[in-house]
Amino acid sequence: MELAETFGLLADPTRLSIVIACMEVERSAGDIAEHVGVSPSLTSHHLRLLRSARILRSERRGKQMFYTMADACVHSVLNIMIDHLFFHDHDTVDDP
Ligand SMILES: [Zn+2]
């Protein structure tokens, strides 16, 4: 099931860190590897999966590939989840 597979990809902490690293800025593969603290080869493995699941998209510029969120949908889903976990006060706010 494609939806479960998509969330499954995001359930891996390293992959999720890679996606979050690309949320607000476009990053090169090398920059992502450094930022997340994993080897370049493991990073490129994760990037391939994330790109084929249309979570991230890539663009070649010169010799480097740059990665960013595939579109506003994926960005919104993550932002909503982050808000829900860390910023919503569910004790005082009931039904929307
Ligand atoms: Zn919430």
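Before reading further, recall that the structure is shown in the block above.
As the structure is a prediction and not an experimental result, all values here were calculated from the model.

Peer 1: What am I meant to see in unusual backbone geometry here?
Peer 2: Most peptide bonds take the trans form, and the phi angle of most residues other than glycine is negative. Here the phi dihedral of Arg 54 falls at roughly 60°; this positive angle occurs in a residue that is not glycine. Its location among the elements puts Arg 54 in the loop between helix H4 (40-52) and strand E2 (56-61). With 13 C-beta atoms counted inside 10 Å, the residue Arg 54 sits in the partly exposed group.

Peer 1: Teacher, can you tell me more about the sheet that holds E2 here?
Peer 2: The strands making up a sheet are joined through hydrogen bonds of the backbone, oriented either antiparallel or parallel. If you trace the three strands from one edge of the open sheet to the other, you get E1-E3-E2, paired in antiparallel fashion. The open sheet terminates on both sides in strands that have one partner only, identified here as strand E1 (27-28) and E2. Of the pairings in the sheet, the one linking E2 to strand E3 (residues 64-69) comprises six bridges and is antiparallel in character. Across the sheet, the residue bridging to Arg 61 is Gln 64, located in E3. Packed on one face of the sheet, H4 meets E2 and E3 and runs near 115° to E2.

Reading the values: the criteria
Residues numbered from 1 in each chain as written. Predicted model: local features only at pLDDT ≥ 70, side-chain atom pairs only at ≥ 80, totals over all residues. Helix = DSSP H or I, 4+ residues; strand = E, 2+ residues; numbered from the N terminus. Buried ≥ 20, exposed ≤ 12 C-beta atoms within 10 Å, placed from the backbone. Pairing = 2+ DSSP bridges. Contact = placed C-beta atoms within 7 Å. Axes fitted to C-alpha atoms, helices over the stretch in contact; angles between N-to-C directions.

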